[in-house]
Amino acid sequence: MDNYFDTVINDQIASLPSDPARVGALTALKKLGFPTKRDENWRYMDLSGVKQAAPYLARNTVITPELSSSDAEGINAIFINGYGFDINKNALKDVALASSTNIHSEDNAFALASQALGHDGVCLKITKDTELKGPMHLHHQCKDAGECAIHLRHQITLNKGASLTLVEHFSGDEDAYWDNQLMQITLEDGATLKHVRLIVEGANATHTSKCAIRLADNSTYEGFTLICGGKAVRSTSHIQMLGTGAHADIDGLSLAYSGQMADSFVQVEHLVPGATSDQIHRNVLAGRGKAAFQGRIIVARDAQKTNADQSCKSLLLDRSAEVNTKPELEIFADDVKCSHGATVGELDEKALYYMLARGIDPVTAKALLVEAFASGAFARVEAESVRSAISESLQNWLNAETKYG
Amino acid sequence: MLEIKNLHVSIGDTQILKGLNLHIRPGEVHAIMGPNGTGKSTLASTIAGHPNYEVTEGSIHYQGEDLLTRESHERAAAGIFLGFQYPVEIPGVSNLNFLRTALNSQRRIRGEDDMSAAEFMKLVRLKADDLGLKPEMLKRFVNVGFSGGEKKRNEMVQMAVLNPTLAVLDETDSGLDIDALRVVSDGINAQRRDDTAILLITHYQRLLDYVQPDVVHVMAGGRIVKSGDKTLAAELEDKGYAAYG
Ligand SMILES: Nc1ncnc2c1ncn2[C@@H]1O[C@H](COP(=O)(O)OP(=O)(O)OP(=O)(O)O)[C@@H](O)[C@H]1O
Ligand SMILES: [Mg+2]
């Protein structure tokens, strides 16, 4: 790792198309270095996969993406090992490409790495008052990448009154790749983004991603992140409430069995008066699975009339599983309503027995109870096709958990 | 149909059932009465296969087969239904989903095909209507926010849909208003056939006025201490359990 910041990273950046954003990010990244377990914000994350993979950038190999026919419906973009394969331009006729120069500066080392070393992923603007019908799907797939780093940076701006449903799918094979992505989102006045992320990485993968969302007056962000695959997955959401009347839901569901770790970090900054935010997070842990949830709410001194809530519930299916939850409230205004709550529990034995007594087999009974618990995290996802994609991932995880525990 | 011999059951270190014998033939309705804490619910839970109840001695045979070697869900699939004294709330799982999963799970265990969604909906609506459970309650989470009486009606809807051969109904009558008792009794009587058996656990004679038992048992100290015809229930109502203390 030592020579990574000295030499490797210089070579890596030289191999990429030049752009001014990279240079600034590189300087900041070199100064900051990668985080370690001693960093409070990273204490739960397993960063060994990052160290292993960081020196090798993914190469552009021409691979035909494999998609089932149900996936293909409404596909808008596919990235294989970080290289854009296809963007369905027809579906994007109301969209303009954004310039990558108005990139916002980042303070998270991996986000900086995406800026310095990443290809441009999706860079688009949804023009004023445009309402895109149906969800836009982005597929990020890793295939035969070997042990290497995949950096991507995306930028999406919703102009005034525009609305979009964006669904991101992250998946990959058994290779020990590191998938590192930055998504910067700007919501102008009255814009609405529904954003669902399904992180189902391969068994040996490390995933670090950051979503940075800036909300102007009366804009709405409804986010949901599912983590149910990968050796070590860290999802960072950084929400900045910059406009009065803005509202953000930042929901998450993390599932981990032995050999999986899911780390969620959500920071909501209320910087102006009269904005609201709500976080519902659920963890389900089996075997020796691990999860962490850090939820930080910052309310600036003049952000009066802020309403910010957070709830994190964890379900441990086995005593050997581990969960860490850490709410952090930094409130500098006095006229605010903020709440947070965290619980850790086990399966309800009485409910389980009631189901068995009605003839439901133990595996199905457990699955029903887990689904019932988990579904609280995506109650706000409305689109039926998206809900069933979430349920399917959940079901797959449960099946794998029963098999491999 | 149900043959229980010398049944001893303990929970942890506490012995609750101490040599209970009971024989129910097809087509019969039996009632068990007895003071609080004598082990009536323990008997019901043991028949249903609750894992916390340990059978230390004795046997239970159902339709000629050893029941004790089977797990709860297998017993249910074999036709045994336990109406809970305290029905359980399951937040996040709808009544419809619960019941449909239960029905199809039983059918699979018996080697039958799943019931189609349409057929199931027809059946469950019909049974809910029979038992006066409002259709919108079917969509609600299992027993969550149901009144005591509504929970009991819900148990009866489940019984009617699952159509068991042996129904063990643990105080299904308690908490019911007078009209509900009549509706629930009709539901129980509808389940009374030549090929089914019913075991009622109750504290009140009123239920037995509607669902006439063939045999009434008095349970005390973890055993059945007296059996008789339905006049025994009237006698108990009159004199209490003092004679069996
Ligand atoms: N989990 C348990 N641990 C220890 N003792 C228990 C447990 N469950 C029940 N018991 C005891 O077993 C005895 C029998 O209980 P049971 O519920 O079978 O009585 P019952 O006859 O159904 O009473 P009731 O008429 O009040 O419903 C009681 O003394 C009760 O306290
Ligand atoms: Mg009882």
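Residues numbered from 1 in each chain as written. Chains lettered and ligands numbered in written order. Predicted model: local features only at pLDDT ≥ 70, side-chain atom pairs only at ≥ 80, totals over all residues. Heavy atoms only, no water.

**Student:** Which residues make up the overall build of chain B, and what are the values?
**Tutor:** If you tally the helices and strands in chain B, you get nine helices and twelve strands. The C-alpha radius of gyration computed for chain B amounts to 18 Å, which stays within 12% of the reference 18 Å derived for 245 residues, consistent with globular compactness. On the principal axes, the C-alpha backbone points of chain B span a range of 55 × 40 × 35 Å. The 245 residues of chain B split such that 53% are buried. Intrachain contacts of chain B at a sequence separation of at least 6 include 67% that bridge at least 24 residues. (Helix = DSSP H or I, 4+ residues; strand = E, 2+ residues; numbered from the N terminus. Rg over C-alpha atoms; globule rule 2.2 N^0.38 Å. Buried < 20%, exposed > 50% of the residue type's maximum accessible area, 1.4 Å probe, protein only. Contact = heavy atoms within 4.5 Å.)

**Student:** Mind laying out the pattern of salt bridges, listing which residues take part and the relevant values?
**Tutor:** Pairing is possible between side chains of opposite charge, provided their charged atoms come close. Considering all chains together, one arrives at 25 salt bridges over all chains under this definition. The salt bridge partner of R153 of chain A is D120 of chain A, with a shortest N-O separation of 2.6 Å. Residue R153 of chain A is found in strand β6 (residues 149–158), and its partner D120 of chain A is found in strand β4 (residues 119–126); the two are separated by 33 residues along the sequence. R153 of chain A sits in the buried class, given a relative accessible area of 2%. In this structure, E155 of chain B and R358 of chain A form a salt bridge, with 2.8 Å as the shortest nitrogen-oxygen distance. Of the two residues, E155 of chain B is situated in helix α6 (residues 148–162) and R358 of chain A in the loop between α6 (349–357) and α7 (362–374); the pairing between them involves two chains. Assessed through its relative accessible area of 1%, E155 of chain B is described here as buried. On the basis of relative accessible area, R358 of chain A is assigned to the buried category, the value being 0%. Salt bridges sharing partners connect three or more residues here, namely E40, R43, R296, K326 and E328 of chain A. (Salt bridge = Lys/Arg side-chain N within 4 Å of Asp/Glu carboxyl O.)

**Student:** Can you break down the pairing of strand β2 (residues 14–24) of chain B residue by residue, with the values?
**Tutor:** Along any regular strand, the residues point their side chains to alternate faces of the sheet. Residue and element names in this part refer to chain B. Looking at chain direction, strand β1 (residues 2–11) and β2 are connected through eight bridges and run antiparallel. Along β2, the bridge assignment pairs L2 with I24. Connecting β1 to the next strand, β2, in antiparallel fashion are two residues, including G12 with a positive phi near 60°. (Pairing = 2+ DSSP bridges.)

**Student:** A description of the coordination of the magnesium ion (ligand 2) should follow, citing residues and the corresponding values.
**Tutor:** All names here are of chain B. The protein atoms donating to the magnesium ion (ligand 2) are S41 (OG) and Q85 (OE1), with metal-donor distances spanning 2.0 to 2.2 Å. Within this pair, whereas S41 is found in helix α1 (residues 40–48), its partner Q85 is found in the loop between β6 (80–83) and β7 (90–94), the two being separated by 44 residues in sequence. By relative accessible area, which is 25% here, S41 ends up partly exposed. (Donors = N, O, S within 2.8 Å, 3.2 Å for Na, K, Ca; no water.)

**Student:** Let's hear about the sheet that holds strand β10 (residues 197–201) of chain B: which residues, and what values?
**Tutor:** Residues and elements named next belong to chain B. Strand order in the open sheet formed by six strands is β6-β9-β10-β3-β11-β12, with mixed pairing between adjacent strands. At either margin of the open sheet sits one strand with a lone partner, and together these are β6 and β12 (223–228). For this sheet, the mean angle separating the axes of adjacent strands, direction not counted, is 20°. Two strands pair when backbone bridges link them, and strand β11 (residues 215–220) and β12 are joined in this way by five bridges, in the antiparallel orientation. Pairing of A220 across the sheet is with R223, part of β12. (Axes fitted to C-alpha atoms, helices over the stretch in contact; angles between N-to-C directions.)

**Student:** I'd love a proper account of the nonpolar core, names of residues and values included.
**Tutor:** In terms of nonpolar packing, the biggest core is built from 113 residues, with I47 and L200 of chain B touching the most fellow members. In terms of residues, this core owes the most to one element, α7 of chain A, which gives eight residues. Discounting chain neighbours no more than four positions away, the residues touching I47 of chain B are L2, I4, I60, L67, R75, I80, L166, V168 and L199 of chain B. Core analysis: the second largest hydrophobic core is formed by 33 residues, M183, A246, A248 and A275 of chain A among them. (Core = buried A, V, L, I, M, F, W, Y, C linked by side-chain atoms within 4.5 Å.)

**Student:** Would you mind going over the interface of chain B and chain A in detail, with residue names and values included?
**Tutor:** Counting residues at the interface gives 33 residues for chain B and 17 residues for chain A. Among the residues of chain B in contact with chain A, H73, F84 and V88 of chain B are the three that bury the most area, contributing 26% of the side total. Inspection of the region where chain B meets chain A yields one salt bridge. Remark: the boundary between chain B and chain A carries ten residue pairs in polar contact (both at pLDDT 80 or more). (Buried area = accessible area lost by both parts, 1.4 Å probe. Polar contact = N/O pair within 3.5 Å; in protein donor to acceptor, adjacent residues only side chain to side chain.)

**Student:** Give a description of the site of ligand 1 that names residues and reports values.
**Tutor:** All names here are of chain B. The local shell around ligand 1 consists of I11, I16, N36, G37, T38, G39, K40, S41, T42, Q85, E171 and H203. Within the backbone of T38, a nitrogen or oxygen atom sits 3.3 Å from an oxygen atom of ligand 1. Within the side chain of H203, a nitrogen or oxygen atom sits 2.9 Å from an oxygen atom of ligand 1. Calculation on ligand 1 without its partners gives an accessible area of 630 Å², and the protein chains cover 60% of this total. A total of three residues in the shell around ligand 1 trace back to one element, the largest contributor, which is α1. Counted by class, the shell around ligand 1 contains two nonpolar, eight polar and two charged residues. (Near = heavy atom within 4 Å. Areas by Shrake-Rupley, 256 points an atom, 1.4 Å probe, with all protein chains shown as cover. Nonpolar A, V, L, I, M, F, W, Y, C, P; charged D, E, K, R; others polar.)

**Student:** Describe the state of the cysteines, and please don't skip the residues or the numbers.
**Tutor:** Following the criterion strictly, the structure yields zero disulfides over all chains and no others. The closest cysteine sulfur to the non-disulfide-bonded C148 of chain A is located on C142 of chain A, 7.4 Å from its own sulfur. (Disulfide = S-S within 2.5 Å.)

**Student:** Quick rundown of helix α8 (residues 384–404) of chain A? Include the residues and the values.
**Tutor:** All names here are of chain A. For α8, spanning 21 residues, the distance from its first C-alpha to its last is 30 Å, which sits close to the expected 30 Å at 1.5 Å a residue. For α8, the complete set of buried residues consists of V386, I390, S393, L394, W397, L398, A400 and E401. Along the long axis of α8, the arc covered by the buried residues comes to 170°, so they all point the same way. Away from its buried face, by an angle of more than 90 degrees, α8 presents the exposed residues E384, E392 and K403. Against β7 (163–172), β9 (192–200), β11 (220–229), β13 (247–256), β15 (276–285) and α7 lie the buried residues of α8. (Expected span 1.5 Å × (residues − 1). Arc of directions from axis to C-beta.)

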